[in-house]
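Single-letter residue listing:
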Amino acid sequence: MEFFFEVLIGGLLAGVMYSLVAIGFVLIYKASGVFNFAQGSMVLFSALTFVSLHERGVPFWLAFAVTLAAMVVIALLVERFVLRPLVNRSPITLFMATLGLSYMIEGAAQALWGAQVHGLELGVSDEPLALGGVLLSQFDLFAAGTAAVLVTALSLLFSKTRIGLSLRAVADDPLAALAVGIRLQRIWVVVWAVAGFVGLVAGLLWGARVGVQFSLSLVVLKALPVLIIGGFSSIGGAIVGGLIIGASEKLAEIYLGPVIGGGLENWFPYVLALLFLLVRPAGLFGERAIERV
Amino acid sequence: MSEAIFPPASALPLLTLEHISLSFKGVKAVTDISFAVARGEICALIGPNGAGKSSLLNVINGVYQAQEGWISFEGETRSRMRPHDAAVRGIARTFQNLALFKGMSVLDNVLTGRNLKRRSSWLEQALRMGRAAPEDDRQREAAERVIEFLRIQPWRNALVGKLPYGLQKRVELARALASEPKLLLLDEPMAGMNTEEKQEMSRFILDINREFGTTVVLIEHDIGVVMGLSHHVVVLDYGRKIGDGTPQAVRANPEVIAAYLGARH
């Protein structure tokens, strides 16, 4: 039984890492109805920028601030050169644009910092920690704590502030938002910048876990089932979806693996997502039908 | 000397359109339209479908940009208005087909109308510190006053998308009113309403005009309503202005009768 809990909690904590990536998607989807394929590249770009600066002797917080500034610049550029010219186009057009964008951001990352694999040390040990007889990874606990702080901050920003109300308004009806004096363009920049910030946090945690390398941009693929289960438009959904994926893939690996063969972890989330699509296409917390792409 | 030449500010029209022309890819929507809206009046834009009434409202609050002409609001003349500038300067509006935040409550919808009135920073707001808390209360009070004024208190926490059409129209008016506008643009505020609802809406518009001194420009098809409600009527046909004056004068204008009111039988 103890072993079961160990697997379950380990899985839940790993799921938080998926949620972190998924939240970046949710933010942009909520504000503009776009599935931002470039979110993975933003994760990669931020992690690579941070680690390259840090390796060149820039102190941690300065490197963090500079990387964040770079993400804000990307947000400004994306708004000016992608979103503004494509306003009122269909979701599939915008999706294709973000597909192109993802290659541009990846290319920029490579051109700036090269293609080597970097190790990233955040100063958190990965020693297992015994809590009530259950062994837990310290790093996973740290990641979960970070995610909790991040989600609290985001929900305060979006429920209590003028920006938050504007964001919900823009997501709901852009024309009406325009009429009450909300500046669409500014909201888009804010949202992409916040998504960049979330990408940076996700990039650092994932980078510390698996190394900063190009495959980091593929974490988007793990975020997809999370989004399908949780719903594309709910931050809470992204958290719950991540936890479900994390826990179920680890449990399936341990308990189903010996029966039907190992390596289950890699495909189980997608099967689960497929089942959800059949039963509950809008996800657990999704507000409306998803534009499936 | 200047006093002798220029009339006092209050006598200047609140809004003046001069030679406004608007076309979409060569198709003329509005041709060379000029008229003035006096401070404190209710001005109706009438005309058959496709006459360019909505386009004109869209030009006034900057959703469309006219290719030719000027707009002068409170004595400030410009060739194009932007929606944000219009809102900041005190122009609020409603839409023909409703533009509400359907996934939000009535109160939140009305609060978005007060968005531009907030002065505290987002950090203060997130933590409800500094200027944010008293400001929050003030915005809420103001929103509640508007909600009460338009008698939608029973639905204040309801999701707007679930309300019947007539109520949604009123919520949209409440949101526009919440910004304490100098100029209120109403695009068919009574479309799709029955006689009773129309009377109620007319009364609200009159009350807003009288109590707050808000200038109103509205589009309406029901001639009876228009004649009873407005001080000033502008008639459009095929994107041109064919009548402009008091309801009585417009009713007597032969061109208007031919184009819109129908020949007298």
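Conventions adopted
Residues numbered from 1 in each chain as written. Chains lettered and ligands numbered in written order. Predicted model: local features only at pLDDT ≥ 70, side-chain atom pairs only at ≥ 80, totals over all residues. Helix = DSSP H or I, 4+ residues; strand = E, 2+ residues; numbered from the N terminus. Buried ≥ 20, exposed ≤ 12 C-beta atoms within 10 Å, placed from the backbone. Pairing = 2+ DSSP bridges. Axes fitted to C-alpha atoms, helices over the stretch in contact; angles between N-to-C directions. Contact = placed C-beta atoms within 7 Å. Nonpolar A, V, L, I, M, F, W, Y, C, P; charged D, E, K, R; others polar. Parallel < 35°, antiparallel > 145°, perpendicular 65-115°, else oblique.

**Regarding the overall build of chain B**
Line of reasoning, step 1. In terms of regular secondary structure, chain B is built from 11 helices and 10 strands.
Line of reasoning, step 2. Based on the C-alpha atoms only, the size of chain B along its principal axes is roughly 60 × 50 × 40 Å.
Line of reasoning, step 3. Looking at chain B as a whole, 42% of its 265 residues qualify as buried.

**Things to note about the sheet that holds strand 2 (residues 27–37) of chain B**
Residue and element names in this part refer to chain B.
Line of reasoning, step 1. Strands sit in the order 2-1-4-5 across an open sheet of four strands; the sheet is antiparallel. Of all strands in the sheet, those with a lone pairing partner are strand 2 and strand 5 (76–78), marking the two edges. Averaged over all adjacent pairs, the angle separating strand axes in this sheet is 20°, with direction ignored.
Line of reasoning, step 2. Sheet topology places strand 4 (residues 68–73) next to strand 5; three bridges connect them, and they run antiparallel. Residue pairing for strand 5: isoleucine 71 is matched across the bridge by arginine 78.

**Points about the interface of chain B and chain A**
Line of reasoning, step 1. Contacts between chain B and chain A engage 26 residues on the former and 21 residues on the latter.
Line of reasoning, step 2. At the level of secondary structure, the elements contributing two or more residues to the side of chain B that touches chain A comprise helix 3 (83–89), helix 4 (106–112) and helix 5 (122–127) of chain B.
Line of reasoning, step 3. Tallying contributions element by element places helix 3 of chain B first for the side of chain B that touches chain A, with four residues.
Line of reasoning, step 4. Residue composition of the side of chain B that touches chain A, by class: 12 nonpolar, eight polar and six charged.

**A short note on the packing of helix 1 (residues 2–32) of chain A against helix 9 (residues 219–230) of chain A**
Residue and element names in this part refer to chain A.
Line of reasoning, step 1. Axis separation between helix 1 and helix 9 bottoms out at 8 Å; the angle between their running directions is 75°. Relative to helix 9, the element helix 1 is oriented roughly perpendicular. Counted together, Tyr18, Ser19, Val21, Ala22 and Phe25 of helix 1 and Val219, Val220, Lys222, Ala223, Val226, Leu227 and Gly230 of helix 9 form the full contact between these two elements.
Line of reasoning, step 2. A per-class count over the contact of helix 1 with helix 9 returns nine nonpolar, two polar and one charged.

Note that every value here comes from positions in space, so none of it alone points to a role or purpose.
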